[in-house]
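Residue strings, one per chain:
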Amino acid sequence: MELPERDGDGYLTDISHWTPEVSRAMAEVDGVTLDEVKWQQIMKAREYFEQHAVVPPIRKFAQYLGEDKKVLFKLWMTGPMKPITKYGGLPKPTGCV
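In this text, all values refer to a predicted model and were calculated from it rather than measured experimentally.

Enquirer: Whenever I open this one, the pattern of salt bridges confuses me. Can you help?
Expert: Here the idea is simple: oppositely charged side chains can pair when their charged atoms come close. A full pass over the atoms with the stated rule returns 5 salt bridges. A salt bridge links K92 to D9; the nearest nitrogen and oxygen atoms lie 2.8 Å apart. With K92 in the segment after helix 5 (81-87) and D9 in the segment before helix 1 (20-30), the pair connects residues that are 83 residues apart, well separated along the chain. E47 is paired through a salt bridge with K44; the nearest N and O atoms lie 3.0 Å apart. Taken together, the residues span about one helical turn, with E47 and K44 both in helix 2 (residues 36-52) at a distance of 3 residues. Relative accessible area serves as the criterion here: at 31%, E47 is assigned to the partly exposed category. Linked by salt bridges that have partners in common, R6, D30 and K86 make up one network.

Right, dumping it as structure tokens:
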């Protein structure tokens, strides 16, 4: 699959090009495995963005998921909002990039 254009941080330059297939291909190219838990978080971030038109900060997103933010950090092994939004085809979060 040919990936849509991405910026220097790996985010889609046009978020309308996002599809689940593009997301999985981006992760594969980046060497990231998207298991079911990560995929659910990506989809919940997309849901949040559709409802509020903003990428939530990690604390608010953890509350939205009903999860401790420490669990998210452990799962993603990094600041979780960056990969969640990148593979979710969402804008870069402003608080952690």
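Now, onward.
Enquirer: Is there a simple way to explain the packing of helix 3 (residues 58-65) against helix 4 (residues 69-76) in this structure?
Expert: Pairs of packed helices are described in terms of their axes, by the angle between the two and the distance that separates them. Interhelical geometry of helix 3 versus helix 4 gives an angle of 100° and a closest axis separation of 9 Å. On the basis of their axis angle, the class for helix 3 and helix 4 is roughly perpendicular. Touching I58, F61, A62 and L65 of helix 3 are K69, L72 and F73, all from helix 4. Residues of the contact of helix 3 with helix 4, tallied by class, amount to 6 nonpolar, no polar and 1 charged.

Enquirer: Looking at this structure, I do not really get unusual backbone geometry. What am I missing?
Expert: Peptide bonds are trans in most cases, and residues, glycine excluded, mostly fall at negative phi. Look at A53: it is not a glycine, yet its phi comes out positive at around 55°. Note that A53 resides in the loop between helix 2 and helix 3. Using a relative accessible area of 61% as the deciding quantity, one classes A53 as exposed.

Enquirer: Any chance you could explain the packing of aromatic side chains here in plain terms?
Expert: Geometrically, a pair of aromatic rings is defined through the distance of the ring centres and the angle of the planes. Evaluation of the coordinates by the stated rule reveals 2 aromatic pairs. Measuring from ring centre to ring centre gives 6.3 Å for W18 and W39, while their planes differ by 15°; the resulting arrangement is stacked. With W18 in the segment before helix 1 and W39 in helix 2, the pair connects residues that are 21 residues apart, well separated along the chain. Both residues of the pair, W18 and W39, belong to the buried class. Ring centres 5.0 Å apart and planes at 85° place the aromatic pair Y48 and Y64 in the edge-to-face group. Linking Y48 in helix 2 with Y64 in helix 3, this pair joins segments that are 16 residues apart in sequence. Given a relative accessible area of 7%, Y48 falls into the buried group. Using a relative accessible area of 25% as the deciding quantity, one classes Y64 as partly exposed. Lying across the ring of W76, K38 places its NZ or CZ 4.9 Å from the centre. Between the NZ or CZ atom of R46 and the centre of the ring of W18, over which it lies, the distance is 3.7 Å.

Calculation rules
- Each chain carries its own residue numbering, running from 1 in the written order of its sequence.
- Where totals are concerned, whole chains, interfaces and linings use all residues; where local detail is concerned, this predicted model gives features only for residues with pLDDT of at least 70, and gives and counts side-chain atom pairs only at 80 or more.
- Values reported for side chains reflect all heavy atoms of the structure, with hydrogen atoms and water molecules removed beforehand.
- For salt bridges, the criterion is a side-chain nitrogen of Lys or Arg within 4 Å of an Asp or Glu carboxyl oxygen.
- Put simply, DSSP H or I for four residues or longer makes a helix, DSSP E for two residues or longer makes a strand, and each gets a number counted from the N terminus.
- For each residue, the accessible area found with a 1.4 Å probe, counting protein chains only, is set against the maximum for its type, and the residue is called buried under 20%, exposed over 50%, and partly exposed in between.
- Note on geometry: axes are C-alpha line fits, over the in-contact stretch for helices, and angles between N-to-C directions span 0 to 180 degrees.
- Roughly parallel refers to an angle under 35 degrees, roughly antiparallel to one over 145, roughly perpendicular to one between 65 and 115, and oblique to any angle outside these ranges.
- The contact definition used throughout considers only heavy atoms, calling two residues in contact when any of these lie within 4.5 Å.
- Each residue is assigned to one of three groups, with Ala, Val, Leu, Ile, Met, Phe, Trp, Tyr, Cys and Pro labelled nonpolar, Asp, Glu, Lys and Arg labelled charged, and all others, Gly among them, labelled polar.
- Pairing of aromatic rings covers Phe, Tyr and the six-membered ring of Trp, with a centre-to-centre limit of 6.5 Å; geometry is then stacked below 30 degrees between planes, edge-to-face above 60, and tilted otherwise.
- Cation placement over rings: the criterion is NZ of Lys or CZ of Arg within 6 Å of the ring centroid and within 35° of the ring normal.

Geometric values such as these leave the question of function open.
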